[in-house]
Amino acid sequence: MINESARLARAFCDRRLPVMAFLDTHHPNKPEDPYPTHCIAGTHESNLVPALQWIEKEPNVTIRRKDCFDGYFGSIEDDGSNVFVDWVKNHQIRKLVVVGVCTDICVLDFVCSTMSARNRGFLRPLEEVVVYSAACATFDIPTHVATHTKGALAHPQEFMHHVGLYMAKERGAKIANQLSFSEQTKA
């Protein structure tokens, strides 16, 4: 998933296509229930993985730190504006490719909110949302671990990944297991 995300990011950057990366970044006093503490601001968990850190220096990349499951809602500023909505409009995004962790949580919530906003006309000119399954993944909590961990639920990785993809498709996103670029998308 990481290697495929890095390959795709390189393809977008080589073509000077706009990229927005959401980084899960939480404040210590603001938990994200029901999940355990994770990605605390200032820790390595809140940064891009090493294979993707190079994108921070790319001129076509926008980094957005979010403190909630959903990048759409995590892009709302105190004044009510939305960094993601502005990014879509400023770059005239018609097709949005979504990748990331966790397929059934962050990716799915972002896709659902984005599809709803698109359907309501808030994201013009966005027409299509594509979830690239090879560059998505989720975590694994085996049943035997969840059984002995207070408050934990089993989270079978492969199954939940496919649940996330299914739900995204059910909401109107397209699911792709490969991507190609047309001549129109080359710089």
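Conventions adopted
- Within every chain, residues take consecutive numbers counted from 1 along the sequence as written.
- Only residues with pLDDT of at least 70 get local features here, since the model is predicted, and only at 80 or more are side-chain atom pairs given and counted; chain-wide, interface and lining totals rely on the full set of residues.
- By convention in this description, side-chain values take in all heavy atoms of the structure and omit both hydrogens and water.
- UniProt positions are given in the numbering used here, feature names are shortened, and annotations may be inferred rather than shown by experiment.
- Secondary structure elements follow DSSP: runs of H or I of four or more residues count as helices, runs of E of two or more count as strands, with numbering from the N terminus.
- Note on exposure labels: buried denotes an accessible area under 20% of the residue type's maximum, exposed denotes more than 50%, and partly exposed covers the range between, all computed with a 1.4 Å probe on protein chains only.
- The term polar contact refers here to a pair of N or O atoms within 3.5 Å; inside protein, the definition further demands a hydrogen-donor-capable atom paired with an acceptor-capable atom, and it admits residues adjacent in sequence only when both atoms are side-chain atoms.
- A helix is expected to reach a length of 1.5 Å times the quantity of its residues less one.
- Contacts: residue pairs with any heavy atoms within 4.5 Å of one another.
- Each pair of strands is called paired provided DSSP finds at least two bridges between the two strands.
- The angle between two axes is taken between their N-to-C directions and runs from 0 to 180 degrees, where each axis is a line fitted to C-alpha atoms and a helix contributes only its stretch in contact.
- If the strands point away from the viewer and the path from the first strand over the helix to the second runs clockwise, then the crossover is right-handed.
- Note on aromatic pairs: the rings of Phe, Tyr and Trp (six-membered ring only in Trp) are paired at centre separations within 6.5 Å, and the planes decide the class, stacked below 30 degrees, edge-to-face beyond 60, tilted for the rest.

Looking at an unreviewed UniProt entry, one finds the chain named Isochorismatase-like domain-containing protein and attributed to Citrus sinensis. In its Sequence similarities (unreviewed entry) section, the UniProt entry covering the chain states "Belongs to the isochorismatase family."

Here we take up the environment of Q92. Mapping Q92 onto the fold places it in the loop between α2 (83-90) and β3 (95-101). Using a relative accessible area of 46% as the deciding quantity, one classes Q92 as partly exposed. Along the sequence, Q92 and E158 sit 66 residues apart, while their C-alpha atoms lie 34 Å from each other. Side-chain polar atoms of Q92 contact the backbone oxygen of K89, separated by 2.8 Å.

It is worth spelling out the UniProt feature "domain: Isochorismatase-like" (unreviewed entry) in the chain at this point. UniProt feature "domain: Isochorismatase-like" (unreviewed entry): in the numbering of this structure it lies at residues 1-147. With 29% helix and 20% strand, residues 1-147 has end C-alpha atoms that lie 28 Å from one another.

Another aspect to go through is helix α1 (residues 2-14). Spanning 13 residues, α1 covers 18 Å between terminal C-alpha atoms, matching the ideal 18 Å at 1.5 Å per step. Along α1, the residues that are buried comprise E4, S5, A6, L8, A9, A11, F12 and C13. The inward-facing, buried residues of α1 abut β1 (19-24), β2 (61-66), β3 and β4 (128-137). A positive phi of about 60° marks R16, the residue just after α1.

This brings us to the sheet that holds strand β5 (residues 174-176). Read from one edge to the other, the open sheet built from three strands follows the order β3-β4-β5, with strand pairing classed as parallel. Lying at the two open borders of the sheet, with one neighbouring strand each, are β3 and β5. Pairwise comparison of adjacent strand axes, ignoring direction, gives a mean angle of 30° for this sheet. As paired strands, β3 and β4 are joined by six bridges and run parallel to one another. Its bridge partner lying in β4, V97 is registered against V130. Each of β3 and β4 is contacted by α1, which is oriented at about 135° to β4, the strand it contacts most.

What follows concerns the side chain of N60. Here N60 shows up in the loop between β1 and β2. Judged by its relative accessible area of 12%, N60 falls in the buried class. Polar side-chain contacts of N60 include one of 2.4 Å to the backbone oxygen of L17. Not counting the four nearest positions on each side in its chain, N60 is found in contact with F12, C13, R16, L17, P18 and V19.

The subject of this paragraph is the environment of R118. With respect to the element layout, R118 can be found in helix α3 (residues 103-119). Each C-alpha atom, one on R118 and one on G74, is 17 Å from the other, the two residues being 44 residues apart in sequence. Only 2.5 Å separates the side chain of R118 from the side chain of N119, close enough to count as a polar contact. Reaching out from R118, the side chain makes a polar contact with the backbone oxygen of E127 at a distance of 2.8 Å.

Among the 10 residues that make up β4, eight are buried, leaving the element largely enclosed by the rest of the structure. Tracing the backbone out of β3, into α3 and back to the parallel element β4 gives a crossover that is right-handed.

Taken as a whole, this structure holds eight aromatic pairs when the rule is applied. Taking 5.6 Å as the distance between ring centres and 85° as the angle between the ring planes, the aromatic pair formed by Y35 and F69 counts as edge-to-face. Of the two residues, Y35 is situated in the loop between β1 and β2 and F69 in the loop between β2 and α2; the sequence distance between them amounts to 34 residues. The exposure class of Y35 is partly exposed, given its relative accessible area of 29%.

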